[in-house]
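Working through the structure, step by step
Listed here are the chains, written in short residue letters.
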Amino acid sequence: MVSWGGLNITSGGSRSLESLEMVDAKSLATFLVNEHPQTVAVILAHLEPEKKGEVLKRLPEALQAEVVLRMANLEHVDPELIAEIDRVLKNQLSNTATVEQAALGGVHPVAEMLNVMDKNTETAIMSRLEEKDPLLAEEIRKLMFVFDDIVKIDDRGIQSLLKEVANEKLLLALKTSSEEIRTKIFKNISARAAEMLREDLSNMGPSRLSDVESAQQEIVNVARRLEAEGKILIARGGSEDAMV
C-alpha cells in the first residue's frame, strides 16, 4: 500500500472520480492544500481548464509549480488510485458528476489551464516551473497562446479575427499592447480605420488593468476558437515550426 498525503492507495475499485464539478474551487483547494502534489495533480486533471486554474491559484505558491510539473508528466492514471481518491472525496465533499478514467495529464491540459489564468498567476507559476524543469516549461510555453502571440497569426487570419472582435474591445486590448501588435493590427485594417484607431488610442483615458487584460483574453479566446474551427492558423513552437 502506498500513501500520498492523506490518501492511501489500495487495490480494487472504480475507474471514475465522481462529482468534482459540483465542488467549488475554494472548498476543493482547502481540501487539497495538505495533500501530496501527485494527488493534487490527479484531481486537478479531471477539471475543466478554468476550474483547474481557480483551484491552483488558491494553493500555496510552493505547491503550485510542483503540481503543474506532475500534471504535465501524468499519463494514464491507475484505476486503483482513482478509486481511492474517489472514496475519500465522497467522504469529505458533496459530489454528483462522473469522469471516466483516461489520459488526464500531459502538457496540453497544462497549457490550456495556464491560458485561462490571470497573467500574474500564470507568470509566477511559469517562473517557478522554469527553475525546476526548463525543458518542460519551454514545451508548455510553446503550446500556450497569449495576447502577445497575435503576431504569430498570418495577415488573413488577423483579418478573420478582427471581424469577430468589437471595436471597443480591440481599443481596450491595445491600450497596453506592444508596438509590434499594433503594427500587425493596423496593417490589416483600412488606412482610415487605422488612423481612427490610432487617434482613439492617443485620446483614451485611464482604464483598469483588469479590464484591459479581460479584453485581451476575450480576443485570445476568439483566436483559439477560430484555430479550433480551422479558420485561422497560429504558428507555434518557435522558428523551427515552419509553414508549408
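Treat the numbers as computed from the prediction; the structure is a model and nothing was measured. (Residues numbered from 1 in each chain as written. Predicted model: local features only at pLDDT ≥ 70, side-chain atom pairs only at ≥ 80, totals over all residues. Heavy atoms only, no water.)

Side note on the overall build of the protein chain
For the protein chain, the helix and strand inventory stands at 13 helices and four strands. Across the 244 residues of the protein chain, 45% fall into the buried class. Contacts in the protein chain between residues at least 24 apart in sequence constitute 80% of all its contacts with a sequence separation of at least 6. Carbon and sulfur atoms make up 49% of the accessible area of the protein chain, which amounts to about 12,800 Å² in all. (Helix = DSSP H or I, 4+ residues; strand = E, 2+ residues; numbered from the N terminus. Buried < 20%, exposed > 50% of the residue type's maximum accessible area, 1.4 Å probe, protein only. Contact = heavy atoms within 4.5 Å. Areas by Shrake-Rupley, 256 points an atom, 1.4 Å probe, with all protein chains shown as cover.)

Examining the nonpolar core
The nonpolar side chains of a soluble globular protein tend to be buried with one another. Of all hydrophobic cores here, the largest spans 41 residues; its most connected members are Leu32, Leu44, Leu56, Leu114 and Ile140. Looking at this core, the elements that each hand over two or more residues are helix 1 (25–32), helix 2 (37–45), helix 3 (49–56), helix 4 (61–72), helix 5 (79–92), helix 6 (107–115), helix 7 (119–132) and helix 8 (134–143). Residue contacts for leucine 44: discarding those within four places in its chain leaves Leu32, Lys52, Val55, Leu56, Val67 and Met71. Counting residues in hydrophobic clusters, the runner-up holds 28 residues, among them Phe147, Leu170, Leu174 and Leu201. (Core = buried A, V, L, I, M, F, W, Y, C linked by side-chain atoms within 4.5 Å.)

As for the pattern of salt bridges
Considering all chains together, one arrives at 13 salt bridges under this definition. When the shortest N-O distance is used, the salt bridge between lysine 57 and glutamate 54 registers 3.3 Å. Between glutamate 195 and arginine 192 there is a salt bridge, with its nearest N and O atoms 3.8 Å apart. Residue glutamate 195 and its partner arginine 192 are located together in helix 12 (residues 191–203), separated by three residues, close to a single helical turn. Taking relative accessible area as the criterion, glutamate 195 reaches 45% and is therefore assigned partly exposed. Linked through salt bridges whose partners overlap, the residues forming this network are Glu164, Arg225, Glu229 and Lys231. (Salt bridge = Lys/Arg side-chain N within 4 Å of Asp/Glu carboxyl O.)

A look at the side chain of lysine 184
The residue lysine 184 is located in helix 11 (residues 179–187) in this model. Those residues in contact with lysine 184, other than ones at most four positions away along the chain, are Ile150, Val151, Ile153, Asp154, Asp155 and Ile158.

A short note on helix 6
The element helix 6 is extensively covered by neighbouring structure, given that seven of its nine residues are classed as buried. Those residues of helix 6 that sit buried are Val107, Pro109, Val110, Ala111, Met113, Leu114 and Asn115. At its buried positions, helix 6 is contacted by helix 3, helix 4, helix 7, helix 8 and helix 13 (209–228).

So, the side chain of arginine 182
Its location among the elements puts arginine 182 in helix 11. For the buried arginine 182, no salt bridge exists, and the shortest N-O distance to an oppositely charged side chain is 4.9 Å, to glutamate 179. Here the side chain of arginine 182 touches leucine 174 through a polar contact of 2.7 Å, landing on its backbone oxygen. Beyond its immediate chain neighbours, meaning those up to four positions away, arginine 182 contacts Leu174, Lys175, Thr176, Ser177 and Leu201. (Lys, Arg positive; Asp, Glu negative; His and termini not counted. Polar contact = N/O pair within 3.5 Å; in protein donor to acceptor, adjacent residues only side chain to side chain.)

Quick notes on the packing of helix 7 against helix 8
Two elements in contact, helix 7 and helix 8, have axes separated by 6 Å at closest approach and are oriented at 140°. With respect to each other, helix 7 and helix 8 are oriented oblique. Seen from helix 7, the contacting residues are Met126, Leu129, Glu130 and Lys132; seen from helix 8, they are Pro134, Leu136, Ala137, Ile140 and Arg141. The class makeup of the residues in the contact of helix 7 with helix 8 is six nonpolar, no polar and three charged. (Axes fitted to C-alpha atoms, helices over the stretch in contact; angles between N-to-C directions. Parallel < 35°, antiparallel > 145°, perpendicular 65-115°, else oblique. Nonpolar A, V, L, I, M, F, W, Y, C, P; charged D, E, K, R; others polar.)

Description of the environment of lysine 57
Along the chain, lysine 57 falls in the loop between helix 3 and helix 4. When the C-alpha atoms of lysine 57 and threonine 121 are compared, they prove to be 6.6 Å apart, with 64 residues separating the residues in sequence. With near-sequence residues (within four places) excluded, lysine 57 lies in contact with Gln64, Met117, Asp118 and Thr121.

Comments concerning helix 3
Within helix 3, six of the eight residues are buried, which leaves it mostly tucked inside the rest of the structure. The set of residues buried in helix 3 consists of Pro49, Lys51, Lys52, Gly53, Val55 and Leu56.

Looking at the environment of isoleucine 232
Note that isoleucine 232 resides in the segment after helix 13. With a relative accessible area of 6%, isoleucine 232 lands in the buried category. Note: C-alpha distance between isoleucine 232 and leucine 161 (71 residues apart in sequence) is 8.0 Å. Dropping the residues within four chain positions of it, isoleucine 232 is found in contact with Ile153, Gly157, Ser160, Ala223, Leu226 and Glu227.

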